[in-house]
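Structural overview for review
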Amino acid sequence: MSLIVKICGLSTPETLDVALDAGADMVGFVFLPPSPRHLGLETARDLGKHVKHRAVKVALTVDADDATLASIVEVLQPDILQLHGRETVARLRDIKQQFGLQVMKALAVETAADLASLQGYAAAADRILFDAVAPKEATRPGGLGAVFDWHVLENLDLKLPFMLSGGLNAGNVAEAVRVTRAGGVDVSSGVERTPGIKDPEMIRGFIRAARAIDHDATVAAAGGR
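None of these values were measured; they are calculated from a predicted model. (Residues numbered from 1 in each chain as written. Predicted model: local features only at pLDDT ≥ 70, side-chain atom pairs only at ≥ 80, totals over all residues. Heavy atoms only, no water.)

**A short note on the pairing of strand β2 (residues 26–31)**
For a regular strand, side chains alternate in direction, first toward one face of the sheet and then toward the other. What counts, and what does not: Burial here depends on accessible area, computed with a 1.4 Å probe over protein chains only, as a share of the maximum for the residue type. Under 20% is buried, over 50% is exposed, and the range in between is partly exposed. Put simply, DSSP marks the helices as runs of H or I at least four residues long and the strands as runs of E at least two long, and each gets a number from the N terminus on. Criterion used throughout: strands pair if DSSP finds at least two bridges between them. Orienting the strands away from the viewer, one traces the path from the first strand over the helix to the second; a clockwise path indicates a right-handed crossover.
For β2, the tally of buried residues reaches six of six residues, placing the bulk of the element in the interior. Every second residue of β2 is oriented toward a common face, with Met 26, Gly 28 and Val 30 on one face and Val 27, Phe 29 and Phe 31 on the other, all of them buried. Sheet analysis places strand β1 (residues 4–7) next to β2, joined by two bridges and oriented parallel. Within β2, the residue paired with Ile 7 across the bridge is Val 27. In this fold, the crossover linking β1 to β2 by way of helix α1 (residues 13–21) has right-handed handedness. The sheet contact formed by β2 and strand β3 (residues 56–61) spans six bridges and is parallel. What sits directly across from Val 27, in β3, is Lys 57. A crossover connection joins β2 to the parallel β3 through helix α2 (residues 41–51); in handedness this β-α-β unit is right-handed.

The structure is reproduced here in structure tokens:
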């Protein structure tokens, strides 16, 4: 199985095209006002149409209520809802039932203790995304370009597909996959020239680096994890 590559926080047709043309498997769109990557609904509608089934569309939300999710689903028509807040397992189940979409739950990781809630979420989610813990001064969740200790996931026994985020870039993505055996990688700030502004060459470079990883050999070396 090949490595899944997700480019998140896309906000213009030009950079979306770069990601799609370079072969991104998933493209992510952010719905969170404090973020420099936040999209208005009309922009989201236009970008969603622009994808034209060339990749899986992912909508990132943080503790969004049903009305907000309904608006996002209507305009973007995403394939996956990425829940990046403090959503409970029960909330995940409610969202899946109400919207009939796959759910990817983001978990912030710093130490092994942060994996205590993993099994509960794994029973409700379709995919897990491991991200870095937000800095104390942060106004929004996510690692905000920070790398966490990948060795925390080194011996992870998880039947559910999982992806890795947090400070990834073209220079470290191979090592990240080697250590974690992640089935997918998710990048946002690692392909930006300034916060919220994607760099086309950095997008291409990241996807090239991710595609150069011999993922099947990496997983086989880990005993099939």
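Following the structure, the description resumes.
**Here we look at helix α3 (residues 66–76)**
The line we're drawing: Residues are treated as being in contact if the distance between any of their heavy atoms lies within 4.5 Å.
Among the residues making up α3, those that are buried are Leu 69, Ile 72, Val 73, Val 75 and Leu 76. Packed against the buried residues of α3 are β2, α2, β3, β4 (80–83) and α4 (89–99). Gln 77 occupies a position one or two residues after α3 and carries a positive phi of about 55°.

**Structural notes on the pairing of strand β5 (residues 102–109)**
With six of its eight residues buried, β5 lies for the most part within the structure. In this view, the connection linking β4 to its parallel neighbour β5 by way of α4 has right-handed handedness. Of the pairings in the sheet, the one linking β5 to strand β6 (residues 127–132) comprises six bridges and is parallel in character. The residue of β6 that forms the bridge with Met 104 is Arg 127.

**Looking at the packing of α1 against helix α7 (residues 200–211)**
Test applied: Here an angle of 0 to 180 degrees is reported between the N-to-C directions of two axes, which are lines fitted to C-alpha atoms, with helices fitted over the stretch in contact. Geometric relationships in this document are graded by angle, where less than 35 degrees denotes roughly parallel, more than 145 denotes roughly antiparallel, 65 to 115 denotes roughly perpendicular, and other angles denote oblique. By definition, any crossing whose near helix is turned counterclockwise from its far helix by less than a right angle is left-handed, and any crossing with a clockwise turn is right-handed. Each residue is assigned to one of three groups, with Ala, Val, Leu, Ile, Met, Phe, Trp, Tyr, Cys and Pro labelled nonpolar, Asp, Glu, Lys and Arg labelled charged, and all others, Gly among them, labelled polar.
Direction vectors running N to C along α1 and α7 enclose 20°, while the axes themselves pass 9 Å from each other. Taken together, the axes of α1 and α7 are roughly parallel relative to one another. When you trace α1 past α7, the crossing you get is right-handed. Seen from α1, the contacting residues are Thr 15, Val 18 and Ala 19; seen from α7, they are Pro 200, Ile 203, Arg 204 and Ile 207. Split by residue class, the contact of α1 with α7 holds five nonpolar, one polar and one charged.

**Some remarks on unusual backbone geometry**
In this structure, Lys 52 takes a positive phi of about 50° despite not being glycine. Relative to the assigned elements, Lys 52 resides in the loop between α2 and β3. Its identity is not glycine, yet His 53 carries a phi of approximately 65°, on the positive side.

**Observations regarding the pattern of salt bridges**
Defined as follows: Salt bridges are defined as contacts in which a side-chain nitrogen from Lys or Arg sits within 4 Å of a carboxyl oxygen from Asp or Glu.
Applying the stated criterion across every chain yields a total of 14 salt bridges. Residue Glu 192 is joined to Lys 198 by a salt bridge in which the shortest nitrogen-to-oxygen separation is 2.5 Å. A single burial state applies to Glu 192 and to Lys 198, both of which are buried. One salt-bridge network, in which partners are shared between bridges, spans Asp 17, Asp 21 and Arg 54.

From the geometry alone we can't say anything about function, so treat these as descriptive.
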